[in-house]
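One letter stands for each residue in the lines below.
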Amino acid sequence: MRHTIFHHSAMLLAALGLLTVFAACEEKESELGSSLVDPATMYSGTRDTVYLEGYTIYDDSLLTSDYLECLLGRHDDATMGTTRAYLYSQITVADNNGLNVLEGTDVDSVALTLAISDIHSASTATSHQLHIRIHQLAEAIGDDPYYANDTVKADYSTCFYDGNVTVENDDIEIRLILNNTFHQYVSQRVTSSDFLDNIKGVRIEMNDSESDEAVMVTINMITTKLTAYYSRLLEGTDSTVTTQNNFIFGHQSGLTTRHFTHFKHTFDGSALARFANESGRSDTIGGSSKTYLKPMGGTRVVYKLNAAWYRKFRNEHPYAVLNYAELILPVTSGDTNTLPNRLLAYKGAGRDATMVADATDGVRYTGFDGHFSTERNCFRMLIVRHLQQILTEGSDPGTTIAIDSRRSTPRNVVLNGNLQSDRPRIALIYSE
């Protein structure tokens, strides 16, 4: 079984998000009218700066199965290429007793309602045309974890939906009426397990063609559902009784049904062209000019401390105690309309990397931050414990940076390289 370095509890990240909104990375006026002071001014000691050497790596181990939110559609980026997101999902009956459709009951319609959390498009239009196709799976989704590169064989001869819908920017759902091919599965008397075995699951694609608008939607899998509507003529009367059955679409808490997202990248002709073929994905892209953070199983960035500084500091200050350490990651473009909301830091450069202690420690995580500072044109993080561990342990395993919510947003960022004047660095204060 494969393991991912970025499979963390959604509850933990939610808690971190709530706590870090109170952190500040520059002096400015708050909404309450009081000034927030740069936390570095609270410490007395020797100030220093260490510059970082970074490189871009392919993110080959992004787990995508059974998350609360997922992406669907196509995203085009002039710098980092095109990414397509496909949703694979199982469907099951909501009642543990199975499906029990009475004889003489007709299926009037079946509606799949995809709950929308966000719409991502470079267009300024208020509405978007979505071309959606839904095919039945030829194989069942298994019990193992699924990653960004994984797929399940689809039966392209069995199509449950192929059509266009219009979605407005403020819409909260996409409602699709599946065709009659689907009716046979919801008009039976069948157990829950047999229903799941019969239908296997579906594959959904959206705006896959280059002629379609490049648009992605974030789907909330908690409130996404499938509903079948029925009618039955009462025996001996002209009266019609209407009923409905709700079905579970994708993974829900307490159930064994699954869903996952497959991301397909087209890197040819982009800054990430080295990763266009499988053979190049074990390579790296040097970070002297720029480094690239792309979500959706795209890329991560690894930083190492300047080796000369590291040796000199350890030799001259073997007992130094860090009072403050701020990781500063300047960006090439500070357009907040396209930047990700937050970055995360991990200790290590491989699949065994773990989130830095400052982001998980009960005392330190309130100031970890990871958000973008418009005044300073950078992402920043407090990494006091992380840097102290590196200095104490006597080796630098690397600090990996990844985009938070990289399974549910296409937003990316280009970071300045180590030869830029405003380069990646750690500002620190230490005492002996």
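Everything here concerns the structure above.
An account of the accompanying structure is given in this report. (Residues numbered from 1 in each chain as written. Predicted model: local features only at pLDDT ≥ 70, side-chain atom pairs only at ≥ 80, totals over all residues. Heavy atoms only, no water.)

### Points about the overall build of the chain
Inference 1: Looking only at helices and strands, the chain features five helices and 27 strands.
Inference 2: In the chain, once contacts between residues fewer than 6 apart in sequence are set aside, the share between residues at least 24 apart is 82%.
Inference 3: As presented, the chain carries roughly 19800 Å² of accessible surface, and 46% of it is formed by carbon and sulfur atoms. (Helix = DSSP H or I, 4+ residues; strand = E, 2+ residues; numbered from the N terminus. Contact = heavy atoms within 4.5 Å. Areas by Shrake-Rupley, 256 points an atom, 1.4 Å probe, with all protein chains shown as cover.)

### Quick look at helix α3 (residues 307-316)
Inference 1: By the burial criterion, the buried members of α3 are Trp309, Tyr310 and Phe313. The arc that holds every buried residue of α3, seen down its axis, measures 100°, which confines them to one face. Seen from the buried face of α3, the exposed residues on the opposite side, beyond 90 degrees, are Arg311 and Asn315.
Inference 2: Contacts from the buried residues of α3 go to β3 (46-58), β19 (299-305), α5 (384-393) and β27 (425-431).
Inference 3: Its side-chain oxygen 3.2 Å from the backbone nitrogen of Ala308, Asn306 forms the N-cap of α3. (Buried < 20%, exposed > 50% of the residue type's maximum accessible area, 1.4 Å probe, protein only. Arc of directions from axis to C-beta. Polar contact = N/O pair within 3.5 Å; in protein donor to acceptor, adjacent residues only side chain to side chain.)

### So, the packing of aromatic side chains
Inference 1: Evaluation of the coordinates by the stated rule reveals twelve aromatic pairs.
Inference 2: With 5.9 Å between their ring centres and 50° between their planes, Tyr58 and Phe275 make a pair best called tilted. In this pair, Tyr58 sits in strand β3 while Phe275 sits in the loop between β16 (259-266) and β17 (284-286), placing the two residues 217 residues apart along the sequence. Accessibility assignment for this pair places Tyr58 and Phe275 in one class, buried. (Phe/Tyr/Trp six-rings, centres within 6.5 Å; stacked < 30°, edge-to-face > 60°.)

### A few points about unusual backbone geometry
A negative phi angle characterises most non-glycine residues, just as the trans form characterises most peptide bonds.
Inference 1: Of note, the phi angle at Asn207 is positive, near 50°, even though the residue is not glycine.
Inference 2: Positionally, Asn207 belongs in the loop between β13 (202-206) and β14 (215-233).
Inference 3: Judged by its relative accessible area of 0%, Asn207 falls in the buried class.
Inference 4: In this structure, Asp369 takes a positive phi of about 75° despite not being glycine.
Inference 5: You can see Asp369 is positioned in strand β23 (residues 369-373).

### Let's talk about the pairing of strand β20 (residues 321-330)
Residues in a regular strand project their side chains so that they alternate between the two faces of the sheet.
Inference 1: Burial analysis of β20 places eight of its ten residues in the buried class, which makes it a mostly covered element.
Inference 2: The pairing of β20 with β27 spans seven bridges and is antiparallel. Bridged to Tyr324 within β27 is Ile429.
Inference 3: Taken together, the five bridges between β20 and strand β24 (residues 378-382) define a ladder with antiparallel strand orientation. Across the sheet, residue Ile328 finds its bridge partner in β24, namely Arg380. (Pairing = 2+ DSSP bridges.)

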